[in-house]
Amino acid sequence: MRLVLLGPPGAGKGTQAARISAKYGIPHISTGDMFREILKRDDELARKVRRYVEAGDLVPDEIVVEIVKERIHRPDCGRGFILDGFPRTIPQAEALDEILEADGTPISAALYLWVTEDTAVMRLSRRRVCESCQAVYHLDFNPPRSPGVCDRCGGKLVQREDDREEVVRHRIRVYREQTEPLLGYYREKGVLREIDGNKSIEQVWEDVQRVLDPLAECGDC
Ligand code: ADP
Ligand code: ADP
Ligand code: ZN
């Protein structure tokens, strides 16, 4: 299965993508996580992307497309993948289609997790992430077993710089302007599947599986 996850910041894409990856055995490719790893370094690429990520702006398309292209051609993507946070612009979506068409393996589905702006802001303001393994928590809805410590690896939980409220509002605006047009793009292709992301993590997961189980059984998807 080759999947794309769409939805505003805070919709729950990363949370559901981790479950999808585990259940269906396909790698979770988060461009946001990839950029945060790149920013831990001090090379030319890190210098190029830092200001965009810190301001909550989109990294230029050509940089992102190159990184994703290399990633989806690695051997672990042979049975598919789930893209979380990519594509985010029409040119990125077109570039992805071109890459996949050349390989003869089109997108199986684009899952759109929709949430209200209030839901998104409430989730992001209390999101915490593991510095070491990038696992995602929420202080109220998905708290770690011991405060400030990652259940999975024992790493330290921190708030992302771009989860501060001013940056969050800006990121939501960027989403509306640059990413929302992708809904029409995938709807026209007949692969858009909408899921109400305002429900609890477990309820959303039930709905996601209801959409993906039949696709997982289809040999061509
Ligand atoms: P995205 O990748 O779309 O930005 P995340 O998966 O990081 O979203 O989720 C944002 C925050 O909301 C995290 O703190 C996560 O634990 C929490 N969260 C995710 N899904 C839900 C949900 N259905 N209900 C409540 N909180 C959620
Ligand atoms: P979110 O919580 O909004 O889902 P992400 O972790 O996906 O955030 O992305 C964090 C930041 O990384 C974005 O604000 C942007 O600067 C950069 N980024 C991630 N994916 C892309 C992309 N596909 N195109 C451009 N920039 C991206
Ligand atoms: Zn961790």
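Heads up: the structure comes first, above all this text.
Counting from 1, residues in each chain are numbered in the order their sequence is written. Lettering for chains starts from A, numbering for ligands starts from 1, and both go in the order in which the items are written. Local features in this predicted model are restricted to residues whose pLDDT is 70 or higher, and side-chain atom pairs enter the listing and the counts only when it is 80 or higher, whereas totals over whole chains, interfaces and linings include all residues. Heavy atoms from the whole structure form the basis of all side-chain values; hydrogens and water molecules are not counted.

Visitor: Looking at this structure, how should I read the coordination of the zinc ion (ligand 3)?
Guide: The expected angle between donors at a tetrahedral four-coordinate metal is 109.5 degrees. At an octahedral six-coordinate metal it is 90 or 180 degrees. Sodium, potassium and calcium take a 3.2 Å donor cutoff, other metals 2.8 Å, and in both cases only N, O and S atoms count; water is not among them, so sites may look incomplete. Protein-derived ligands of the zinc ion (ligand 3) are Cys-130 (SG), Cys-133 (SG), Cys-150 (SG) and Cys-153 (SG), with the metal-ligand distances lying across 2.3 Å. Taken in sequence order, the residues that donate to the zinc ion (ligand 3) follow the motif C-x2-C-x16-C-x2-C. The buried label goes to any residue with under 20% of its type's maximum accessible area, the exposed label to any with over 50%, and the partly exposed label to all in between, with areas taken from a 1.4 Å probe on protein chains only. According to the relative accessible area criterion, Cys-150 is buried, its value standing at 3%. You can call Cys-153 partly exposed: its relative accessible area is 41%.

Visitor: Whenever I open this one, the site of ligand 1 confuses me. Can you help?
Guide: Distances are taken per atom, and a residue is near a molecule or strand as soon as one of its heavy atoms is within 4 Å of it. Taken together, 19 residues lie near ligand 1, and Lys-13, Thr-15, Arg-127, Tyr-137 and Lys-199 sit nearest. N or O atoms closer than or at 3.5 Å make up a polar contact, with two conditions inside protein: a donor-capable atom paired with an acceptor-capable one, and, for residues adjacent in sequence, both atoms drawn from side chains. Note that an oxygen atom of ligand 1 is positioned 2.6 Å from one of the side-chain N or O atoms of Arg-127. Take Lys-199: an N or O atom from its main chain is 2.8 Å from a nitrogen atom of ligand 1. Calculation of accessible area relied on Shrake-Rupley with a 1.4 Å probe; when residues are assessed, cover is drawn exclusively from the protein chains displayed. Alone, ligand 1 offers 560 Å² of accessible surface; in the complex the protein occludes 94% of this. The helix count covers DSSP runs of H or I at least four residues long, the strand count covers runs of E at least two residues long, and both are numbered beginning at the N terminus. Contributing elements (two or more residues each) for the shell around ligand 1: helix 1 (13-24), strand 6 (136-138) and helix 9 (201-217). As a working rule, the residues Ala, Val, Leu, Ile, Met, Phe, Trp, Tyr, Cys and Pro are called nonpolar, Asp, Glu, Lys and Arg charged, and the rest polar, with Gly in that last group. When its residues are assigned to classes, the shell around ligand 1 shows eight nonpolar, seven polar and four charged.

Visitor: It is not clear to me how the site of ligand 2 should be interpreted in this structure. Could you clarify?
Guide: If you check the shell around ligand 2, you find 20 residues, and the closest are Thr-31, Arg-36, Asp-57, Gly-85 and Arg-171. The contact in question runs from an oxygen atom of ligand 2 to an N or O atom on the side chain of Arg-36, over 2.9 Å. Contact with the protein chains covers 96% of the free accessible surface of ligand 2, which is 560 Å². Top element by residues in the shell around ligand 2 is helix 2 (residues 31-39). It accounts for four residues. Taken together, the residues of the shell around ligand 2 sort by class into eight nonpolar, four polar and eight charged.

Visitor: What is the right way to look at the packing of helix 4 (residues 61-72) against helix 5 (residues 90-103) in this model?
Guide: When two helices pack together, their arrangement is given by the angle between their axes and by how far apart the axes lie. Across the interface, helix 4 lies against helix 5 with an axial gap of 10 Å and an inter-helix angle of 30 degrees. By the angle class used here, helix 4 and helix 5 are roughly parallel. The interaxial crossing formed by helix 4 with helix 5 has right-handed handedness. Residue-level contacts link Asp-61, Val-64, Val-65, Lys-69 and Ile-72 of helix 4 to Pro-91, Gln-92, Ala-95, Leu-96, Ile-99 and Leu-100 of helix 5. Its residues assigned to classes, the contact of helix 4 with helix 5 comprises eight nonpolar, one polar and two charged. Each axis is a line fitted through C-alpha atoms, taken for helices only over the stretch in contact, and angles between the N-to-C directions span 0 to 180 degrees. Under this scheme an angle from 65 to 115 degrees is roughly perpendicular, one under 35 degrees roughly parallel, and one over 145 degrees roughly antiparallel; angles in between are oblique. Left-handed describes a crossing whose near helix is turned anticlockwise from the far helix by less than a right angle; the clockwise case is right-handed. Should any heavy atoms of two residues lie within 4.5 Å, those residues are considered in contact.

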